[in-house]
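Architecture at a glance
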Amino acid sequence: MKYKTITLKRGKEESLKRFHPWVFSGAIAAADESIEEGDLVTVYAHDGTLFGNGHSQIGSIAVRMLAFDDTAIDEAFYANRLADAWRMRQALGLQREDNNAYRLVHGEGDFLPGLVVDIYGPTAVMQAHSPGMHFARDIIAQALTGLPGIRNVYYKSETTLPYKAHLDPVNDYIIGGMETDEALENGLRFHVDWLKGQKTGFFVDQRENRRLLEHYSRGRRVLNMFCYTGGFSVYALRGGAESVHSVDSSAKAVRLTDDNVALNFPPEDGRHRSFAEDAFKFLDRMESDAYDLVILDPPAFAKHKSALHNALVGYRRLNAKALEKMPSGSILFTFSCSQAVNKEQFRLAVFSAAAQTRRKVRILHQLTQPADHPISIYHPEGEYLKGLVLYVE
Ligand code: SAH
């Protein structure tokens, strides 16, 4: 199948030869004039060698490659890629009686750049990050409901598509409707608000890290900072924490956390309290030695490379504020989900916080995203979640 064509400059084909899925605008020598944003295009080297097909886009990433040969990008293509993604999740054992929340499609990590799909029981929540995926949404939704157990597809791209593309996406069900808003993660119950919540309504990427937190929480006084839907809080309670305090600047997030605690523990439990407050203010007024297990899982401080320096300062300040008040023998789970901050840079920011507060700090675990957020070996940029578990003396 041939689409509108793009030809690369001489010498600009190296990354495509290594199957990197992005073509930058600076690498293009010639392009069909009729190409519009989101169109399917065929990419050629300067000598006419075909590289493959992808979605065109206006911006520094000009093409996101979908196939490194002349495979047609049609219904069968999406059905095959989704079947591959599904088979991989089956291998991971994520669809179980006690677990039905996981990521089915993680963009480049599933060789579907620009597409994210999270599964919550019978509902798939789908996000397009590229105009090409927006235009393909109906056939993708059809292919999703061809997978076992998926009956509803909610499309949620109002905030993920480039607004300059003027696509005016509408968040709505493409297939089916509201069946249940409850999902299971490792036997714990969660309300997932894909209609109004952040991202697809829940952060499935912390599943394994929450389980590790559960392991450390017995008898500890836990502070879950940036709690959002209270994932870490609920695991800490199940793990036998003495008390759990959840903090988020959003009153809505705090309500979601309270609801999820109530969904899993009886009202007389009484170990949980929540606070709608800014993290930095909370840490400033917090007494020393109040918590012996602290989670810091802030939103991305750097969404782009330009914000890198400020982000690193932010991570250092945040971690220093927590570290200086933690008692000897306490544990800190600290994360960064900024794609622009790499593992080494994040570790250096936390190192600076440790040195600044003169605490004796050891690394117990180095955490990352779970296997349902796979990293294509050809696209190392797909590694975005970084975490450290620290023992503080
Ligand atoms: N740990 C969560 C995800 C955190 S998302 C989980 O496991 O699901 C980041 C959260 O930080 C959001 O809910 C956002 O409302 C909150 N937030 C952003 N800025 C904040 C601030 N300055 N103080 C406290 N919370 C903040």
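Residues numbered from 1 in each chain as written. Predicted model: local features only at pLDDT ≥ 70, side-chain atom pairs only at ≥ 80, totals over all residues. Heavy atoms only, no water.

Moving on to the overall build of the protein. Each helix and strand in the protein was counted, giving 10 helices and 20 strands. In summary, the protein has a C-alpha radius of gyration of 22 Å against a globular reference of 21 Å for 393 residues, a match within 12%. If one aligns the C-alpha atoms of the protein with their principal axes, the spans along those axes are about 65 × 45 × 35 Å. Looking at the protein as a whole, 55% of its 393 residues qualify as buried. Counting only contacts in the protein whose residues sit at least 6 apart along the sequence, the fraction spanning at least 24 positions is 64%. Approximately 17400 Å² of the protein is accessible, and the part contributed by carbon and sulfur atoms is 51%. (Helix = DSSP H or I, 4+ residues; strand = E, 2+ residues; numbered from the N terminus. Rg over C-alpha atoms; globule rule 2.2 N^0.38 Å. Buried < 20%, exposed > 50% of the residue type's maximum accessible area, 1.4 Å probe, protein only. Contact = heavy atoms within 4.5 Å. Areas by Shrake-Rupley, 256 points an atom, 1.4 Å probe, with all protein chains shown as cover.)

Attention now moves to the domain arrangement of the protein. Split by domain assignment, the protein resolves into domain 1 (4–67), domain 2 (75–185) and domain 3 (203–392). Computed over C-alpha atoms only, the centres of domain 2 and domain 3 are separated by 27 Å. The partner domain 3 presents 15 residues to the 18 residues of domain 2 that form the contact. In this assembly, domain 2 packs against domain 3 so that about 1300 Å² is buried in total across both faces, 60% of it on carbon and sulfur atoms. (Domains from an automatic or database assignment. Buried area = accessible area lost by both parts, 1.4 Å probe.)

So, on to the sheet that holds strand E18 (residues 330–336). Strand order across the open sheet formed by 7 strands is E16-E15-E14-E17-E18-E20-E19, with mixed pairing between neighbours. Bordering the open sheet on either side are strand E16 (272–276) and strand E19 (361–367), each of which pairs with just one other strand. Neighbour-to-neighbour, the strand axes of this sheet turn through a mean angle of 15°, independent of strand direction. As defined by bridge partners, E19 adjoins strand E20 (residues 386–392) across 6 bridges and the pair is classed as antiparallel. (Pairing = 2+ DSSP bridges. Axes fitted to C-alpha atoms, helices over the stretch in contact; angles between N-to-C directions.)

We note that Asn 186 has phi near 45°; this positive angle belongs to a residue other than glycine. Here Asn 186 shows up in the loop between strand E12 (182–185) and strand E13 (188–191). Even without glycine at this site, Tyr 228 takes up a positive phi of about 50°. Following the sequence through the fold, Tyr 228 ends up in the loop between strand E14 (221–225) and helix H6 (231–238).

So, about the nonpolar core. Of all hydrophobic cores here, the largest spans 35 residues; its most connected members are Tyr 120 and Phe 333. Of all the secondary-structure elements, those providing two or more residues to this core are E13, helix H5 (207–216), H6, strand E17 (293–296) and E18. Residue-level mapping places this core at the junction of two domains, with at least three residues from each of domain 2 (75–185) and domain 3 (203–392). Among residues more than four places away in sequence, those in contact with Phe 333 are Asn 209, Leu 212, Leu 213, Tyr 216, Leu 293, Val 294, Ile 295, Leu 296, Leu 367, Leu 388 and Val 389. (Core = buried A, V, L, I, M, F, W, Y, C linked by side-chain atoms within 4.5 Å.)

Further remarks concern the site of the ligand. The full set close to the ligand counts 15 residues, and Arg 210, Asp 248, Asp 278, Ala 279 and Asp 297 are the nearest of them. In this structure, a nitrogen atom belonging to the ligand sits 2.7 Å away from a side-chain N or O atom of Asp 278. Between a nitrogen atom of the ligand and a side-chain N or O atom of Asp 297, the distance comes to 2.7 Å. Surface burial for the ligand is 88%, taken as the share of its 590 Å² of free accessible area covered by protein chains. Looking at the shell around the ligand, its residues break down into 7 nonpolar, 3 polar and 5 charged. (Near = heavy atom within 4 Å. Polar contact = N/O pair within 3.5 Å; in protein donor to acceptor, adjacent residues only side chain to side chain. Nonpolar A, V, L, I, M, F, W, Y, C, P; charged D, E, K, R; others polar.)

Moving on, we get to helix H9 (residues 308–323). For H9, built from 16 residues, the straight-helix expectation of 22 Å at 1.5 Å per residue is met to within 8% by its first-to-last C-alpha distance of 22 Å. Those residues of H9 hidden inside the fold are in contact with helix H8 (279–285), E17, E18, helix H10 (343–357), E19 and E20. (Expected span 1.5 Å × (residues − 1).)

By the element assignment, Thr 5 lies in strand E1 (residues 4–8). Sequence separation between Thr 5 and Val 41 is 36 residues, and the spatial gap between their C-alpha atoms is 5.5 Å.

Ordered by their spatial adjacency, 6 strands build an open sheet running E2-E6-E5-E4-E1-E3, and the pairing between neighbours is mixed. Looking at which strands have only one partner, the edges of the open sheet turn out to be strand E2 (22–24) and strand E3 (28–31). Geometrically, the sheet is characterised by an average inter-axis angle of 35° between neighbouring strands, direction not taken into account. As judged from the 5 bridges shared by strand E4 (residues 40–44) and strand E5 (residues 50–56), these two strands associate in the antiparallel manner. Within the sheet, the bridge partner assigned to Val 43 lies in E5 and is Gly 52.

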